[in-house]
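Observations on the model geometry
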Amino acid sequence: MENQRRSILLLFSWIFMVATMAAASTTIIPVNVGVVVDLDEPSGKMYLSCIEMALSDFYAIHADYKTRLVLNTRNSNRDVVGAAAAALDLIKNVEVKAILGPVSSMQASFVVNLGEKAHVPIISFSATSPSLTSPRSSYFFRFAQNDLNQVKAVSGIVQNFGWRRVVPIYVDNMYGEGVIPFLIDALQEVDAHIPYRSLIHELATDDQIEKELYKLITMQTRVFIVHMMPNLSSRLFAKAKEIGMMSEGFVWITTNSIGNNLRSMASVLDSMQGLLGVETYIPRTLKLRQFISRWKRQFQQDNPKIIDVELDAFGLRAYDAAFAVAMAVEKVANAGFKFQKRNASSFNSHYGSKLSHALSNINFKGMAGDFNLVDRQLQVSTFKIVNVNGYGPRTVGYWTPENGRVVKRLNSTRNSTKSTSKCDLRPIIWPGESLSVPKGWEIPINGTKLRIGVPVREGFQEFVKVTNTSTNTVDVTGFSIDVFKAVLEILPYALPYDFVPFAMAIGSTFNDLVYQVHDGKFDAVVGDITIRANRSLFVGFTMPYTESGVVMVVPIQDKRTKSAWVFLKPLTWDLWMTTLCFFIFIGFVIWVLEHRINDDFRGSPSHQVGTSFWFSFSTMVFSQREKVVSNLARFVMIIWIFVVLIVTQSYTASLASLLTVQQLQPTVTDIDDLLRNRDNVGYMTSSFVYDLLRQKGFHDSRLKDYGAMEEIDEALSKGSANGGIAAIVHETPYMKLFVAKYCSKYTMIGPIFKTDGFGFVFPKGCPLIPDVSQAILNLTEGEKIMNIEDEWMKKENNCKDPSTEKFYSSSLGLESFWGLFLIAGVASIFALLIFATSFLHKHKQVLMSSNLRASKWKRIKTMFKIFNEKELSSHTFKSSRHEARIAGAPDHEVNASPNNNWPESPFSYTNQTDATSVFYGEQETPSHGQASPEIVPTFELAAFTNQEMHATPETAQESV
């Protein structure tokens, strides 16, 4: 019974489980999705295998999802029409809701239009052409990197190594041509030019490829950028190695169409040694490594006859694309969309719109990295730079849009500003197993030499001189030629060349010669070619090797002064007046300090004034006879004599220069003077200086052209008034040569216009320009350029150095001597202050007297009277009286002035007591019979009483 019960329960359980499974099976919704790949190519089968594994992995993880993608695969047969037909069949007959593929950009451009009309999303995981991007196509999704990003990575490599010329080699179809405009723009941004574009048809034979490569090998450029599919590039590199283009000096850069497949091209890697490839960067995660192992096993089981197929970035993108479509379809189903068949057009329109919206918002961590769409485009732009060496590619760096340049490693801590350093990548082994960076160009191996044009003309042949030898060869010499040869010696490589004379016809200019380079008739031009903006539009110039600027050469004349008043010119008027004032001031100071104690400065007022001025001015020639006896006066004279010595010596030197030294000065110093005076001005025939003078305002009637230095010399000698010219205007190197030849007859003024000097001419963007410019800089920084200049710009034997000939003397001004006068003035004022302080302190009883009847004016007058008299207590008078007494002279002679030539001053007093008596106004002059005032004893002012002050003269005499 128990067993029957258990059997019944098991039966019911089985019936319930079967019913549940049946119900579940009825809820799964199949959704048709198309796949268009090239099944005839191993890569197409690889993509299909990745898509199938993606769906298997997706539904193993999400077994509860109610939708299931049903793959409908079609073969594009490597053809645009085949891809379009396959897509049309899938849309019309199978009614697919989305299409994965096709593989190539050219196939995708046709299929995109079908998807747009049928409202079926087209998801490409390998079409990279920028031309596919269109805002009008709302049903096209690109799950691959846009080539617009990788061209910047390619230009970053070119910039990193400083190459200036590159040649792209690309397949002649939409895939190749679609990227070229963007590549050219990216290269121009880093100052690299494309002199030639090499197109190779996708069905080209080996002979056609070889012929194109031989054309490239005859050119100078050695940097090539290859953009084509792997099968065509394999044949290209095999032929390049065969004819020697994979040797030292060559540079090969490939885009990611080749870089992503380098590991699957093992059979041809031997012919690709040394190239640099741009490869899509895929982070190497554990999940990726496990998937690669599973994929290899699965692919080998499904395709046992296919070997050496490697999983590339496009296969991983196909895997992520299938994942994204499965997620989007499930989202649409969860949003309530019913999959029952209705009107086909209406159904596809609604479903396609919803599916496109769902795809645009898919974000997940894919097998190839983060899956994130912006405007239906995958936002992945990091590239890996690989170097083929040995048996496979080796990573040497990366390019990221954040840095905008190539770097050794991601997340570099270095400054993100652009750099041209050649150390931004790991060491690279270049073609020919060379470790040195190729310079990017070479002289063609066919032995062709550079055709260098040189001008042939009359006049100024010191720069370029072309002569025919007896052997019917051309001998080219001159300053410019020697500079060019010296530059070539500095270059680290040989540069074979031939000079080709270019005759300058009447009326022709150097522009005609420069345009010969632009037209390809010359490879370069060497000569006295000025760097001009209008010329640089067509050709390239090196750095200048001469001085720059346009100068004016005018006659010089001797400006030695022959006037009768030339003796006044050594000093300016302000210095003359200052010196005169100081002579007067110093004479006054010495008189103040000396006249009380020195008989040489006493006498009548006119005598004292004359003596003071005579003494002061006689110091100019150091012939003063008067002695100074006070220390303060001696202190002032020491300083003043030093000032006079400096001024007189400077005056003598300046006057000698004015009278004897030749002073060469230009007749004109400003070009505007020529314009105002309506003078004739010369210029060199067929020179651009004519245009500059016309812009300055000179009329044609005032401009005269010349071709030789002798003609210029003759015209300048005549002068503008006699039919010649007042000045010649031309470039510095020419005029420097002219002045060197005619010595001190002329001088240069300026520069009056700006130019860049002489430079060598090459085709625009020529890779020689940076190397030659660097060599010119090295040459001009050394002595060799001076030696070359001295050799060709020789001075005549009778010429003297202009630096010793030309003196522009000017009068000496107060600004050169104000310090000396300041010292003398301060010393004099300081001495006066000391004297005044001492004098006032000694006679302060006069100013501080308590006599109420004495007014201030009387006190001051008394002080002046005291100041005017002799200071008998001075050591000079004491010593003279002592000597007189020793000699036995009478007392009246002892008291007499030592200077018997002049009478005593009528204002002098015998002693200070008499002056004090006058100050009080009560002392009368003694009678003739009275004793001399000198023997009257000195008394104190404080002893006078009021009565004594009002006593009569008789009483005063009695008191005495």
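Residues numbered from 1 in each chain as written. Predicted model: local features only at pLDDT ≥ 70, side-chain atom pairs only at ≥ 80, totals over all residues. Heavy atoms only, no water.

1. Quick look at the overall build of the chain
A count of helical and extended segments in the chain gives 34 helices and 29 strands. Of all 960 residues assigned to the chain, the portion counted as buried reaches 49%. Within the structure as shown, the chain displays about 48,500 Å² of accessible surface, and the carbon and sulfur contribution to it stands at 56%. (Helix = DSSP H or I, 4+ residues; strand = E, 2+ residues; numbered from the N terminus. Buried < 20%, exposed > 50% of the residue type's maximum accessible area, 1.4 Å probe, protein only. Areas by Shrake-Rupley, 256 points an atom, 1.4 Å probe, with all protein chains shown as cover.)

2. Describing the nonpolar core
Judged by nonpolar contacts, the single largest core of 66 residues is most densely connected at Phe460, Val483, Phe738, Phe760 and Leu768. Residues Ala98, Phe143, Phe299 and Met367 belong to the second largest nonpolar core, which totals 58 residues. (Core = buried A, V, L, I, M, F, W, Y, C linked by side-chain atoms within 4.5 Å.)

3. Thoughts on helix 18 (residues 605-618)
Compared with an ideal rise of 1.5 Å per residue, which puts 14 residues at 20 Å, helix 18 spans 20 Å between its outermost C-alpha atoms and is within 8% of the ideal. Turning to helix 18, its buried residues number three or more, namely His607, Gln608, Thr611, Ser612, Phe615, Ser616 and Ser618. (Expected span 1.5 Å × (residues − 1).)

4. Here's the deal with the packing of helix 17 (residues 573-594) against helix 27 (residues 818-842)
The interhelical angle for the contact between helix 17 and helix 27, taken along N-to-C directions, is 20°, at an axis separation of 11 Å. By the criterion of interaxial angle, the relationship of helix 17 to helix 27 is roughly parallel. Of the two possible hands of crossing, helix 17 and helix 27 adopt the one that is left-handed. Between helix 17 and helix 27, the contacting residues are Leu575, Thr578, Thr579, Phe582, Phe585, Ile586, Val589, Val592 and Leu593 on the first element and Phe821, Ala824, Gly825, Ser828, Ile829, Ala831, Leu832 and Phe835 on the second. Its residues placed into classes, the contact of helix 17 with helix 27 shows 13 nonpolar, four polar and no charged. (Axes fitted to C-alpha atoms, helices over the stretch in contact; angles between N-to-C directions. Parallel < 35°, antiparallel > 145°, perpendicular 65-115°, else oblique. Left-handed = near helix turned anticlockwise from the far one by under 90°. Contact = heavy atoms within 4.5 Å. Nonpolar A, V, L, I, M, F, W, Y, C, P; charged D, E, K, R; others polar.)

5. Section: the environment of Trp576
Checked against the element boundaries, Trp576 lands in helix 17. On the basis of relative accessibility, which here comes to 25%, the residue Trp576 falls in the partly exposed class. For the pair formed by Trp576 and Leu812, sequence separation is 236 residues and the distance between their alpha carbons is 9.9 Å. Not counting the four nearest positions on each side in its chain, Trp576 is found in contact with Phe567, Leu568, Leu571 and Tyr651.

6. Some remarks on the side chain of Asp147
Tracing the backbone shows Asp147 in helix 5 (residues 147-161). Buried and without a salt bridge, Asp147 has Arg142 as its closest oppositely charged side chain, separated by 6.6 Å. Once residues lying within four places of it in the same chain are set aside, the contact partners of Asp147 are Thr128, Ser129, Pro130, Tyr175, Val179, His227 and Asn256. (Lys, Arg positive; Asp, Glu negative; His and termini not counted. Salt bridge = Lys/Arg side-chain N within 4 Å of Asp/Glu carboxyl O.)

7. Considering the sheet that holds strand 15 (residues 392-400)
Pairing in this open sheet of eight strands is mixed, and the strands run 7-6-8-9-10-14-15-16 from one edge to the other. Among the strands making up the open sheet, the edge pair consists of strand 7 (198-200) and strand 16 (405-407). Taking each pair of neighbouring strands and ignoring which way they run, the sheet shows an average axis angle of 25°. When strand 15 meets strand 16, the two strands line up antiparallel, connected through three bridges. By the bridge assignment for strand 16, Tyr398 is matched with Val407. Sitting on the sheet, helix 9 (residues 230-242) is in contact with strand 6 (167-171), strand 7, strand 8 (223-227) and strand 9 (251-254), with an inclination near 175° to strand 9. (Pairing = 2+ DSSP bridges.)

8. Structural notes on the pairing of strand 15
With seven of nine residues buried, strand 15 is to be regarded as a mostly interior element. Sheet topology note: the strand 14 (residues 383-389)/strand 15 ladder contains seven bridges and is antiparallel. Among the inter-strand pairings, Val388 is bridged to a residue of strand 15, identified as Pro393. In textbook terms, the turn of a hairpin is the stretch between consecutive antiparallel strands, and for strand 14 and strand 15 this stretch comprises two residues, one of which, Gly390, has a positive phi near 80°. Hairpin geometry of strand 15 and strand 16 is characterised by an intervening segment of four residues between the two adjacent antiparallel strands and by a positive phi of about 70° at Gly404.

9. Concerning the packing of helix 3 (residues 80-94) against helix 4 (residues 105-118)
Running from amino to carboxyl end, helix 3 crosses helix 4 at an angle of 25°, the nearest separation of the two axes being 8 Å. The orientation of helix 3 with respect to helix 4, classified from their angle, is roughly parallel. Both helix 3 and helix 4 take part in a crossing whose hand is right-handed. Residues Val80, Ala83, Ala84, Ala87, Leu88 and Ile91 of helix 3 form the contact with helix 4, whose participating residues are Met106, Gln107, Phe110, Val111, Leu114, Gly115 and Ala118. Looking at the contact of helix 3 with helix 4 residue by residue, the classes come out as 11 nonpolar, two polar and no charged.

10. Notes on the pattern of salt bridges
Tallied over the full model, the rule gives 21 salt bridges. Ionic pairing is found between Lys365 and Asp370, a salt bridge with its closest N-O pair at 3.1 Å. A salt bridge links Lys745 to Asp713, with the nearest nitrogen and oxygen atoms 3.0 Å apart. You can see Lys745 sitting in the loop between helix 23 (732-741) and strand 28 (746-753) and its partner Asp713 sitting in helix 22 (residues 709-718), a full 32 residues away along the chain. When salt bridges with common partners are traced through the structure, they connect Glu210, Lys239 and Glu242 into a single cluster.

11. Observations concerning the packing of aromatic side chains
Tallied over the full model, the rule gives 43 aromatic pairs. Ring geometry for Phe835 against Phe839: centres 6.3 Å apart, planes inclined by 15°, an arrangement best described as stacked. Here Phe835 and its partner Phe839 are both found in helix 27, four residues apart, which amounts to about one turn of the helix. Relative accessible area serves as the criterion here: at 10%, Phe839 is assigned to the buried category. (Phe/Tyr/Trp six-rings, centres within 6.5 Å; stacked < 30°, edge-to-face > 60°.)

12. Points about the environment of Glu177
Following the sequence through the fold, Glu177 ends up in helix 6 (residues 174-177). With relative accessibility at 41%, the residue Glu177 sits in the partly exposed group. Here the alpha-carbon distance between Glu177 and Ser131, two residues 46 residues apart in the chain, equals 9.6 Å.

13. Here we look at a nonpolar patch on the surface
Together, Met577, Leu580, Ile584, Val609, Phe613 and Phe617 line one region of the surface with nonpolar side chains, adding up to about 480 Å² of accessible area. Listed by contribution, the elements that provide at least two residues to the nonpolar patch are helix 17 and helix 18. For Val609, the position within the fold is in helix 18. Residue Val609 is classed as partly exposed on the basis of its relative accessible area of 45%. (Patch = residues over 30% accessible without salt bridge, like charges linked within 9 Å, V, L, I, M, F, W, Y side chains within 5 Å.)

14. Focus on unusual backbone geometry
Of note, the bond from Gly101 into Pro102 is cis; its omega dihedral lies within 30 degrees of zero at -5°. Unusually for a residue other than glycine, Asp191 sits at a positive phi of about 65°. Looking at the secondary structure, you find Asp191 in the loop between helix 7 (180-189) and strand 7. With a relative accessible area of 43%, Asp191 lands in the partly exposed category.

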